[in-house]
Number of protein chains: 2
Amino acid sequence: MSSPLLQQLVEALRILPGVGPKSAQRMAYHVLERDRAGAERLAGVLAEAVERIGHCERCRDFSEQPVCATCSSASRDTQLLCVVETPADRLAIEQATGYRGLYYVLQGRLSPLDGIGPAELGLERLEARLAGGGVAELIIATNPTVEGEATAHYLGQLARRHGVRPSRPAHGMPLGGELEYVDRGTLSHAFTSRSELT
Amino acid sequence: MSSPLLQQLVEALRILPGVGPKSAQRMAYHVLERDRAGAERLAGVLAEAVERIGHCERCRDFSEQPVCATCSSASRDTQLLCVVETPADRLAIEQATGYRGLYYVLQGRLSPLDGIGPAELGLERLEARLAGGGVAELIIATNPTVEGEATAHYLGQLARRHGVRPSRPAHGMPLGGELEYVDRGTLSHAFTSRSELT
Ligand SMILES: [Zn+2]
Ligand SMILES: [Zn+2]
């Protein structure tokens, strides 16, 4: 590459997930050849996002306001609280389901071996919320992994301690999915948690 | 998404080639969760690249200097001039072959239907260079596509008119394939066994 700055751009692009040396190069050439205005806009938005996007005080999701739009909305059902591991999980639920309650984003999962306990996930704030009354059901939508299940178990006990009903979305084979193409983890889980045919 | 700024970031990321809504979203979450420093660096380099990277006066490749490092190098063989369609093609040749001559980047190919003629490719500058003497061989490494071949034919005539020997990299490049994606070995072989354009 005859431009050191272009080389720097290619390297900087590699922080993006799934972007290897070849695609970083293609991206750099593409924006310089065809979309300098778009690249300038991206540079600006990216800098602003890094500076201004923090976490919502109430649900810990990404937000550039102290309290996010969902938490401050008047049209959500405040009796329902759904706990997820990541902002991406929260978005997937929001986009796929008709859920109209509130969320709580752990930004992780309990993982004692990695030193991630209740304090690291801000669970004292969640507990205060459950203790404060007003929440009738805690929907625990952590992932069906070993750590996700352990986290779900912990959260279930926490909910019961404060008189809140814990629930868990059903896990299993996707509707309309062919058994052959279901990933091993899902299939295994679906098999273990089989129910009697009635 | 509960943050409008995050939504803007996801949209801005979509200017990158091969980035759909789902991967833009994953990229945005990834940098905010795990690499804010990298994102800040990317924003800075991107803004600087858009502002400062223009084209080399001599070869039309990307460069933040009036004349790029390759063109101003004392160790290149100035008797050899290789014409390519894009900066990515130039880089592919530089990385795969032992070529030590100079380059000329068309930034396109002749395409009358799209209104791209000799003027749009800056061919008067290339012609002036061939007319000026000093170039013994013009290696025409346009893509083996219909338009690339037509461009090669035009350039071949241009070279001969000024007493410069035109050549074309040899077989090995798949017909209809794009030079940028040809594997290094094939490209290297094709380059060494280039033949004179007839
Ligand atoms: Zn919130
Ligand atoms: Zn140059």
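Rules used in this analysis
Residues numbered from 1 in each chain as written. Chains lettered and ligands numbered in written order. Predicted model: local features only at pLDDT ≥ 70, side-chain atom pairs only at ≥ 80, totals over all residues. Heavy atoms only, no water. Core = buried A, V, L, I, M, F, W, Y, C linked by side-chain atoms within 4.5 Å. Buried < 20%, exposed > 50% of the residue type's maximum accessible area, 1.4 Å probe, protein only. Helix = DSSP H or I, 4+ residues; strand = E, 2+ residues; numbered from the N terminus. Contact = heavy atoms within 4.5 Å. Donors = N, O, S within 2.8 Å, 3.2 Å for Na, K, Ca; no water. Tetrahedral: all angles 85-135°; square planar, octahedral: opposite > 155°, others 65-115°. Salt bridge = Lys/Arg side-chain N within 4 Å of Asp/Glu carboxyl O.

- You'll find chain A entered in an unreviewed UniProt entry as Recombination protein RecR, with Lysobacter defluvii IMMIB APB-9 = DSM 18482 given as the organism.

Some words on the nonpolar core
Part 1 of the reasoning: Membership of the largest hydrophobic core comes to 51 residues, with the highest contact counts inside it found for Leu9(A), Leu16(A), Leu9(B) and Leu16(B).
Part 2 of the reasoning: Breaking this core down by element, the ones donating at least two residues are helix H1 (4-13), helix H2 (21-34) and helix H3 (36-52) of chain A together with helix H1 (4-13), helix H2 (21-34), helix H3 (36-52) and helix H4 (87-96) of chain B.
Part 3 of the reasoning: Excluding its chain neighbours within four sequence positions, the residues that come into contact with Leu16(B) are Leu16(A), Met27(A), Val31(A) and Leu42(A).

A word on the coordination of the zinc ion (ligand 2)
Ideal coordination angles are 109.5 degrees for a metal with four donors arranged tetrahedrally and 90 or 180 degrees for a metal with six donors arranged octahedrally.
Residues and elements named next belong to chain B.
Part 1 of the reasoning: Coordination of the zinc ion (ligand 2) by the protein comes from Cys 56 (SG), Cys 59 (SG), Cys 68 (SG) and Cys 71 (SG), over a distance range of 2.3 Å.
Part 2 of the reasoning: Of note is the zinc ion (ligand 2), whose four donor atoms meet at the metal with angles of 106 to 116 degrees in an arrangement that counts as tetrahedral.
Part 3 of the reasoning: Between consecutive donors of the zinc ion (ligand 2), the numbers of intervening residues give the motif C-x2-C-x8-C-x2-C.
Part 4 of the reasoning: Classification of Cys 59 as buried rests on a relative accessible area of 2%.

Observations concerning the coordination of the zinc ion (ligand 1)
Part 1 of the reasoning: Protein-derived ligands of the zinc ion (ligand 1) are Cys56(A) (SG), Cys59(A) (SG), Cys68(A) (SG) and Cys71(A) (SG), with the metal-ligand distances lying across 2.2 to 2.4 Å.
Part 2 of the reasoning: Along the chain, the residues that donate to the zinc ion (ligand 1) are spaced as C-x2-C-x8-C-x2-C.

A closer look at the pattern of salt bridges
Residues and elements named next belong to chain A.
Part 1 of the reasoning: The tally for this structure, following the rule as stated, stands at 16 salt bridges over all chains.
Part 2 of the reasoning: When the shortest N-O distance is used, the salt bridge between Arg 161 and Glu 127 registers 3.6 Å. With Arg 161 in helix H6 (residues 146-161) and Glu 127 in helix H5 (residues 123-131), the pair connects residues that are 34 residues apart, well separated along the chain.
Part 3 of the reasoning: With relative accessibility at 25%, the residue Glu 127 sits in the partly exposed group.

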